[in-house]
Amino acid sequence: MRRPRLEVADVFHHHGAAWRRANAGHVSLGQLQVMSAIGQCRSAALGGHVERCQDCGHSRIAYNSCRNRHCPKCQGAAARDWLAAREADLLPVGYFHLVFTLPAEIAPIAYQNKAVVYDLLLRTAAETLLTIAGDPRHLGARIGATAVLHSWGSAMTHHPHVHMIVPGGGISLDGTRWVSCRPGFLLPVRVLSRLFRRLFLEALADAHAAGGLAFFGEIEGLRRREAFAAYLAPLRKKNWFVYAKPPFAGPEAVLAYLARYTHRVAIANSRLISLDRRGVTFRYKDYRRDGRARVRTMTLAPDEFIRRFLLHVLPKGFHRIRHYGLLASPGCKANIARARVLIAAPMPHVDPPVEHGADPAAGLAADHRSPCPCCGGRMIIVETFERCGAPRAPPSPDAGVRTAMP
């Protein structure tokens, strides 16, 4: 696996120490842990193993991954594992992509109360979707959805929103038939937007009344109930953004989309262009433009680049991928089976999970081990070494150092 010419880790290596000193006392433990994990990822600091080709004897060093969910290098294998588990749940119907976005006025409250507000965003978006779909005036069915939280815009600014992938139909309320949506149309976005606005603002006001929100700096005055109510009042009349994209072209396109979105981080290493005295230059999309003009470049000072990247560190234990309705964990398998019967679709063939033995680390590494670069043969592990250690013998003289998921 060829290493990108420039990585987020390089920015941390060159400027991370100075940034931490300049922001001492204003950086959370979670953000410091993310910086440390990304800086050490796939290096000797985390240990690794030596792989050797069974056919030609070529050997190479594979350093361990940090497996931090904010690391740009660690999400590929995690996404493949997650998608393999989801593939059996796909139904042979059209799928829709909806986006629920919080208005800019909520963003500072969300940043200072990530666990509470992000949870409200996911839950109220799902409740909105399930409620309108269950209304006989619309679809009149129980539907399912997979929701993915993103907190960033293309330029890494704070922009909380939820992507939802929804099958184009559901099980009738009496459970006797499959109800399909109209071709190319799932639910009216204007109705979704109004209910989403009401549910979210009510839930946010309840959280404030219960003392569940904190306010600092420029929004400290919102601690007072009267000030908070006055701040939210204009938002009750503002149009909230709910966007429905055109339906996917089949279940395979859904998987391709999920592969790009479920384990995405604030910026991929592939978008980085240069790190020099001017700062960090990277590609981003300007959605106010069309066509090729949409892709532009931006240069940020290293300290601003690091600040923006760390804006999107999630609270420990927070689940940013969630399933609702028919796809919720407790009854997902039974609901999928019932839906397939009602659609008269055959059950998919799914290969049994690979047994990795007693050591899950070795199994995971084997799953994603690339073939020999010389002859394409199978690489096997011949030696492991601990953190900050080194292999007993060097790899082949022409061996490139690659990486492994621990």
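Higher on the page you've got the structure.
### What to know about the packing of helix α5 (residues 114-134) against helix α6 (residues 189-209)
Then comes step 1: The contact between α5 and α6 brings their axes to 9 Å, and the two run at 140 degrees. Classed by the angle they form, the pair α5 and α6 counts as oblique. For the element pair α5 and α6, the recorded crossing hand is right-handed. Side by side, α5 and α6 meet where V116, V117, L120, L121, T124, A125, E127, T128, L129, T131 and I132 of the first sit next to V191, L192, L195, F196, L199, F200, A203, L204 and A207 of the second.
Then comes step 2: For the contact of α5 with α6, the class distribution of residues is 16 nonpolar, three polar and one charged.

### Some words on the side chain of S274
Then comes step 1: Residue position: S274 is located in strand β10 (residues 272-276).
Then comes step 2: Not counting residues within four places of it along the chain, the set of residues in contact with S274 comprises L6, G279, V280 and T281.

### Thoughts on the packing of aromatic side chains
Then comes step 1: Evaluation of the coordinates by the stated rule reveals 10 aromatic pairs.
Then comes step 2: Taken together, a centroid distance of 5.5 Å and an interplanar angle of 80 degrees make the contact between F196 and W240 edge-to-face. With F196 in helix α6 and W240 in the loop between α7 (225-232) and β9 (242-245), this pair connects stretches of sequence that are 44 residues apart. Across the pair, exposure class does not vary: F196 and W240 are buried alike.
Then comes step 3: One aromatic cluster in this structure is built from F100, F196, F200 and W240.
Then comes step 4: The ring of F318 carries the charged tip of R322 above its face, separated from the ring centre by 4.9 Å.

### Notes on the nonpolar core
Then comes step 1: In this structure, V117, L129, M164, F196, F200 and L204 are the most contacted members of the largest nonpolar core, which totals 51 residues.
Then comes step 2: Elements supplying a minimum of two residues to this core: β3 (95-101), α4 (107-112), α5, β5 (144-152), β6 (158-167), α6 and α7.
Then comes step 3: It is α5 that provides the largest number of residues to this core, a total of 10 residues.
Then comes step 4: With near-sequence residues (within four places) excluded, F196 lies in contact with F100, T101, L102, L121, T124, A125, T128, W240 and V242.

### Here's the deal with the sheet that holds strand β11 (residues 279-285)
Then comes step 1: Pairing is antiparallel in the open sheet, where three strands are placed in the order β10-β11-β12. The open sheet has two edge strands, β10 and β12 (295-300), and neither has a second partner. The average angle at which neighbouring strand axes cross in this sheet is 20 degrees, direction not considered.
Then comes step 2: Strand contacts of helix α1 (residues 8-22): β10 and β11, with the helix running at about 15 degrees to β10, the strand carrying the most contacts.

About the cut-offs
The residue numbers shown here count from 1 along each chain, following its written sequence. Per-residue local features are limited, in this predicted model, to residues with pLDDT of at least 70; the limit for side-chain atom pairs, both in listing and counting, is 80 or more; totals at the level of whole chains, interfaces and linings are taken over all residues. Side-chain metrics rest on all non-hydrogen atoms present in the structure, leaving aside hydrogens and water. Axis geometry follows a simple rule: fit a line to the C-alpha atoms, using only the stretch in contact for helices, then measure angles between N-to-C directions, giving values from 0 to 180 degrees. Only runs of H or I of at least four residues qualify as helices and only runs of E of at least two qualify as strands under DSSP, and these elements are numbered from the N terminus. Orientation categories follow fixed angle ranges, with anything under 35 degrees roughly parallel, anything over 145 roughly antiparallel, 65 to 115 roughly perpendicular, and all other angles oblique. Helix crossings get a hand from a simple test, with the near helix turned counterclockwise from the far one by less than a right angle marking a left-handed crossing and a clockwise turn marking a right-handed one. Contacts are assigned to residue pairs that have any heavy atoms within 4.5 Å of one another. Asp, Glu, Lys and Arg are counted as charged, while Ala, Val, Leu, Ile, Met, Phe, Trp, Tyr, Cys and Pro are counted as nonpolar; the rest, among them Gly, fall into the polar class. In summary, the pairing rule links any two rings of Phe, Tyr or Trp, Trp by its six-membered ring, whose centres are within 6.5 Å, and it sorts them by plane angle into stacked for under 30 degrees, edge-to-face for over 60 and tilted for everything else. A 1.4 Å probe rolled over the protein chains alone gives each residue an accessible area, and that area as a share of the maximum for its type sets the label: buried under 20%, exposed over 50%, partly exposed in between. Two thresholds decide whether a charge sits over a ring: the Lys NZ or Arg CZ must be within 6 Å of the ring centre and within 35 degrees of the ring normal. Remark: nonpolar core denotes a set of buried residues (Ala, Val, Leu, Ile, Met, Phe, Trp, Tyr, Cys) joined through side-chain atoms within 4.5 Å. A pair of strands is labelled paired if DSSP reports no fewer than 2 bridges between them.

Just geometry here; none of it tells us what the structure is for.
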